[in-house]
Amino acid sequence: MKSPHIVVLSGAGISAESGLDTFRGAGGLWEGYNVYDVATPEAWDENPELVLRFYNMRRRDVRAARPNAAHAALVDLERHFEVTIITQNIDDLHERAGSSKVIHLHGEILKARSTIRTDLLVDLGDRDIEMGDLCPRGGQLRPHVVWFGELVPEVYRAAKVAETADILIVVGTSLAVYPAAGLVPAASKASAVYVVNPEIPESVNRPGYHLIRKTACSGLPELVRELIDGSPSA
Ligand code: APR
């Protein structure tokens, strides 16, 4: 029998217990910065040094963070089901935990991209990005992240994946931004939708959805255990 396809839509809340800040948790500030001063094309045009410095700090935070029990639970899930993770997170904690299919809707902070060829990506390894760091074609490098107001190229692939979900798990996201929020209705064929979040977002507070008002590290391992125990291969 074909294994059910479980699609997981994750957001900043799944990495919160690894010590990485959420976006809308601290009075609208992201690590003390107004996001519009550091995460928009306008910010880059006005003050690229500040933007690079900000993302260099975030990159160091990501490297120092470790995957947590919620990331690990999704790796267990993969041993029993077909699992695809669509994450809004720019960290690599899903991959470092061991998940194999991860779509990054908003980019990846450990990569840089050329400002003259958006498809030219550079793995940063343990490096920062500084002004004057150029792609092989001579364009300044910038973080490979989607800023407010920019297109989200991965959304087409993500929407196709969401449409094939037999089960949808929404964890650690406020669903405050589109097109990510649109992936929940796109999963219209899913026979069950689970939401793991201590504060259930209004848009998914719906009859029929399984609402788990817990943190990712407490709610997700429990949910994964239940799904595995109820699976035909358990
Ligand atoms: N476990 C689970 N959920 C948590 C936890 C936790 N330990 N801590 C906080 N949360 C929840 C909050 O209740 C909130 O609903 O995580 C959510 C975090 O929401 P946001 O900060 O808005 O993050 P996210 O939904 O990922 O933001 C989406 O917006 O700013 C842009 O591009 C950025 O990818 C980001 C996108």
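The rules behind these values
Residue indices begin from 1 for each chain and proceed along its sequence in written order. The predicted nature of this model means local features are confined to residues of pLDDT at least 70 and side-chain atom pairs, given and counted, to a pLDDT of 80 or more, with totals for whole chains, interfaces and linings taken over all residues. Only hydrogens and water are removed before side-chain values are computed, so all heavy atoms of the structure are retained for them. Here's how the labels work: a residue is buried when its accessible area is under 20% of the maximum for its type, exposed when over 50%, partly exposed in between, all with a 1.4 Å probe on protein chains only. The numbering of helices and of strands both runs from the N terminus, where a helix is a DSSP run of H or I of at least 4 residues and a strand a run of E of at least 2. Should DSSP find at least two bridges between two strands, the strands are regarded as paired. By definition, a salt bridge exists where a carboxyl oxygen of Asp or Glu is found within 4 Å of a side-chain nitrogen of Lys or Arg. Being near a molecule or strand, for a residue, comes down to having at least one heavy atom within 4 Å of it. N or O atoms within 3.5 Å of each other form a polar contact, as long as, within protein, one can give a hydrogen and the other can take it, and as long as residues adjacent in sequence are counted only when both atoms are side-chain atoms. Here the open area of atoms and residues is found with the Shrake-Rupley method and a 1.4 Å probe, where only the protein chains shown may cover a residue. Here the term charged refers only to Asp, Glu, Lys and Arg, the term nonpolar to Ala, Val, Leu, Ile, Met, Phe, Trp, Tyr, Cys and Pro, and the term polar to all other amino acids, Gly among them. In this analysis, two residues are considered to be in contact whenever any of their non-hydrogen atoms come within 4.5 Å of each other. Residues grouped as a nonpolar core are buried Ala, Val, Leu, Ile, Met, Phe, Trp, Tyr and Cys residues, joined through side-chain atoms within 4.5 Å. With axes taken as lines fitted to C-alpha atoms, and helix axes fitted only over the stretch in contact, angles between N-to-C directions fall between 0 and 180 degrees.

A. Structural view of the pairing of strand E4 (residues 82-87). By the criterion of burial, E4 is predominantly enclosed, with five of the six residues buried. As paired elements, E4 and strand E5 (residues 102-104) share three bridges and run parallel to each other. Residue pairing for E5: Ile-85 is matched across the bridge by Val-102.

B. Structural context of the pattern of salt bridges. Tallying each qualifying case throughout the model produces eleven salt bridges. A salt bridge links Asp-229 to Arg-225, with the nearest nitrogen and oxygen atoms 3.2 Å apart. Of this pair, Asp-229 and Arg-225 both sit in helix H9 (residues 216-229), four residues apart, which is roughly one turn of that helix.

C. Fine view of the site of the ligand. Around the ligand sit 20 residues in total, of which Phe-23, Arg-24, Thr-173, Ser-174 and Asn-197 are the nearest. At a separation of 2.8 Å, an oxygen atom of the ligand approaches a polar side-chain atom of Asn-197. Here the ligand, which alone exposes 740 Å², has 88% of that area covered by the protein. Its residues placed into classes, the shell around the ligand shows seven nonpolar, ten polar and three charged.

D. Expanded view of the side chain of Ser-15. Structurally, Ser-15 is set in helix H1 (residues 13-16). Ser-15 sits in the buried class, given a relative accessible area of 2%. Non-local contacts of Ser-15, meaning those with residues more than four positions away in its chain, are made with Leu-20, Asn-68, His-71, Asn-89, Asp-91 and Leu-93.

E. Local environment of the nonpolar core. Within the largest apolar cluster, 28 residues are counted, with the highest numbers of intra-cluster contacts made by Ile-86, Leu-105, Leu-168 and Val-184. Of all the elements, helix H7 (residues 155-163) adds the most residues to this core, at four residues. Each residue touching Leu-105, except ones within four places of it in the same chain, is listed here: Ile-86, Thr-87, Gln-88, Val-146, Val-152, Glu-154, Val-155, Ala-158, Ala-180 and Leu-183. Judged by nonpolar contacts, the second largest core, of 26 residues, contains Trp-30, Phe-54, Ile-109 and Val-145.

F. Broad picture of the sheet that holds strand E1 (residues 5-10). Reading across the sheet, the six strands line up as E5-E4-E1-E9-E10-E11 and stay open at both edges, with parallel pairing between neighbours. Every interior strand has two partners, whereas the edge strands, E5 and strand E11 (210-212), have only one. Taking the axes of each pair of neighbouring strands and ignoring which way they run, one obtains an average angle of 15 degrees across the sheet. Alignment of strand E10 (residues 192-196) against E11, held across three bridges, turns out to be parallel. Bridge pairing in E11 links Val-196 to Ile-212.

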